[in-house]
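Structure at a glance
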2 protein chains.
Amino acid sequence: MADYTALPLLRLTEQFARLPGIGIKTAQRLAYYVLSLSKEEAEAFASAVTDAHESLHYCAVCQNFTDKDVCPICDSNTRDRTTICVVESPKDVTAFERVHEYNGLYHVLHGLVSPMDGIGPDSLKIRELLSRLNDGAVREVIMATNPTIEGEATAMYLSKLIKPLGVKVTRLAFGLPVGGNLEYADEVTLFKALENRNEI
Amino acid sequence: MADYTALPLLRLTEQFARLPGIGIKTAQRLAYYVLSLSKEEAEAFASAVTDAHESLHYCAVCQNFTDKDVCPICDSNTRDRTTICVVESPKDVTAFERVHEYNGLYHVLHGLVSPMDGIGPDSLKIRELLSRLNDGAVREVIMATNPTIEGEATAMYLSKLIKPLGVKVTRLAFGLPVGGNLEYADEVTLFKALENRNEI
């Protein structure tokens, strides 16, 4: 925006433009939208930002975001405490919970091992995961990292640490996405689908 | 997001999801991004929202957003005060300023006449526009509303009000967009391009 634009508007636009996936034009549109809100609505927006930031921290057990000491999933009596699903980020927990089929616990790594980006195992919540396996209650750890190079490397690295503890380590299945089209599947996916075929 | 999600996170996600063009998944991604910011950055974001909302209001002359009484364009000594470019929204002023070719003044209507949506002329900043034409200094009003039904209707409505005051009223040219492809131009655009053809 040109230099005649009022400074508070420029500043708000810049703040929106820093968000992931928001370009300068969208940021400008969002800034104007905020101006169209009532005073109460704008204040609710601003305080949602500061409140979330102030009140949320990592769950002492699974490292997911929570405003309590221990998150509702880790604290629940009805979840299966013998299984831990290891994911990269809190978003992945949401994705699994949406399926309504998994009833075990989670562990959020907050990243993947990626030597190229300087992210070593120490940057992740791996020590916290291993400490959860000490009392023998956990019998299976599901590696639910993404099917990428970093996701695979992290799954392999963790499985080498966990297997010696006598805990079963499993990996999410790879294959054709349901509703997908065979024609558009990439070679690696198709190979995995073939390799992991099941008798019907 | 499921009901186990921490309330402050849900609230922040809802706030983002209310923004135009932001779906629930993007809103969730933005909310998590805010959590990844430092305390100072999150506070800067929140205060940009409240600051913009508190300090910005309409320019007393052109009705564009400003944090002064009169905006820098209306207040400038170097702008051509005989021409007013009438636009729907403050975004359009930014679009014209980006061209660096227009040196006149602006007038922001903050909407278009749209009987279907219950927006009559009284909801727009039309009285404010007419009052700027009283002293005879303005010689041309450029109708720069969008080439839509509402934009056209508003331009026609205003021109009928302004012409009797002895002020020239012009309309933006319609035709092929520069760099566009004739093949993909819609019929109405192509008709306008043909109708408004110029001798070379």
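Residues numbered from 1 in each chain as written. Chains lettered and ligands numbered in written order. Predicted model: local features only at pLDDT ≥ 70, side-chain atom pairs only at ≥ 80, totals over all residues. Heavy atoms only, no water.

Moving on: the overall build of chain A. Of regular secondary structure, chain A possesses eight helices and six strands. When the helices and strands of chain A are placed in sequence order, the string is α-α-α-β-β-α-β-α-β-α-β-α-β-α. Over its C-alpha atoms chain A spans a radius of gyration of 22 Å, topping by over 25% the 16 Å that the globule rule assigns to 200 residues. Evaluated residue by residue, chain A yields a buried proportion of 41% over its 200 residues. (Helix = DSSP H or I, 4+ residues; strand = E, 2+ residues; numbered from the N terminus. Rg over C-alpha atoms; globule rule 2.2 N^0.38 Å. Buried < 20%, exposed > 50% of the residue type's maximum accessible area, 1.4 Å probe, protein only.)

All names here are of chain B. This structure, assessed with the given rule, holds ten salt bridges over all chains. Residue K39 is joined to E43 by a salt bridge in which the shortest nitrogen-to-oxygen separation is 3.1 Å. You can see K39 and its partner E43 sitting in helix α3 (residues 39–55), four residues apart, about one turn around the helix. Residue classification places K39 among the partly exposed positions, given a relative accessible area of 46%. (Salt bridge = Lys/Arg side-chain N within 4 Å of Asp/Glu carboxyl O.)

Our next topic: the sheet that holds strand β4 (residues 105–108) of chain A. Residue and element names in this part refer to chain A. The four strands are arranged β4-β3-β5-β6 in an open sheet whose pairing can be described as parallel. Strands with a single pairing partner mark the edges of an open sheet, and in this sheet they are β4 and β6 (168–171). Between one strand axis and the next, the sheet turns through 25° on average, direction left out of account. Bridge count for strand β5 (residues 140–143) against β6 is four bridges, and the pairing is parallel. Considered in β6, the bridge of M143 is made with R171. (Pairing = 2+ DSSP bridges. Axes fitted to C-alpha atoms, helices over the stretch in contact; angles between N-to-C directions.)

So, on to the interface of chain A and chain B. Tallying the contact residues gives 54 residues for chain A and 54 residues for chain B. Broken down residue by residue, the surface that chain A buries against chain B is led by Y4(A), F45(A) and H53(A), which jointly contribute 15%. In this assembly, chain A and chain B are joined by two salt bridges. Of all the secondary-structure elements, those providing two or more residues to the side of chain A that touches chain B are α1 (7–17), α2 (24–36), α3 (39–55), β2 (65–66), α4 (72–75) and α5 (90–99) of chain A. Broken down by element, the residue count for the side of chain A that touches chain B peaks at 15 residues, all from α3(A). Classifying every residue of the side of chain A that touches chain B gives 31 nonpolar, ten polar and 13 charged. (Contact = heavy atoms within 4.5 Å. Buried area = accessible area lost by both parts, 1.4 Å probe. Nonpolar A, V, L, I, M, F, W, Y, C, P; charged D, E, K, R; others polar.)

Between chain A and chain B, which share one sequence, the superposing operator has a rotation angle of 180° and an axial displacement of 0.1 Å; the RMSD is 0.1 Å. Here the copies are linked by what is in effect a two-fold axis. For chain A, the smallest separation between a C-alpha atom and the rotation axis is recorded for A46(A), amounting to 2.1 Å. A shared interface surface links the copies, since 100% of the contact residues of chain A are contact residues in chain B too. (Least-squares fit on C-alpha atoms with pLDDT ≥ 70 in both.)

Taken as a whole and assessed by the stated rule, the structure comprises 14 aromatic pairs over all chains. Their ring planes at 45° and their centres at 6.4 Å tell us that F96(A) and Y106(A) sit as a pair that is tilted. With F96(A) in helix α5 and Y106(A) in strand β4, this residue pair connects regions lying ten residues apart in the sequence. Exposure remark for Y106(A): the relative accessible area of 1% places this residue in the buried category. Linked through ring pairs, F16(A), F45(A), F16(B) and F45(B) together constitute an aromatic cluster. (Phe/Tyr/Trp six-rings, centres within 6.5 Å; stacked < 30°, edge-to-face > 60°.)

Before going further, it helps to examine the environment of L112(A). Residues and elements named next belong to chain A. Position of L112 relative to the elements: it lies in the loop between β4 and α6 (126–131). We classify L112 as buried; its relative accessible area is 9%. Residues L112 and L56, spaced 56 residues apart in sequence, show a C-alpha to C-alpha distance of 22 Å. The residues touching L112, leaving out its near neighbours within four places in the chain, are E88, I119, L124, T145, T148, E150, G151 and T154.

On to the packing of α3(A) against α3(B), then. Remark: α3(A) packs on α3(B), axes separated minimally by 9 Å, with the N-to-C direction vectors making an angle of 175°. Our classification of the angle between α3(A) and α3(B) gives roughly antiparallel. Contact residues: K39(A), A42(A), E43(A), F45(A), A46(A), V49(A), T50(A), H53(A) and E54(A) in α3(A); K39(B), A42(B), E43(B), F45(B), A46(B), V49(B), T50(B), H53(B) and E54(B) in α3(B). (Parallel < 35°, antiparallel > 145°, perpendicular 65-115°, else oblique.)

It is worth stressing that arrangement in space is one thing and function is another; only the former is reported here.
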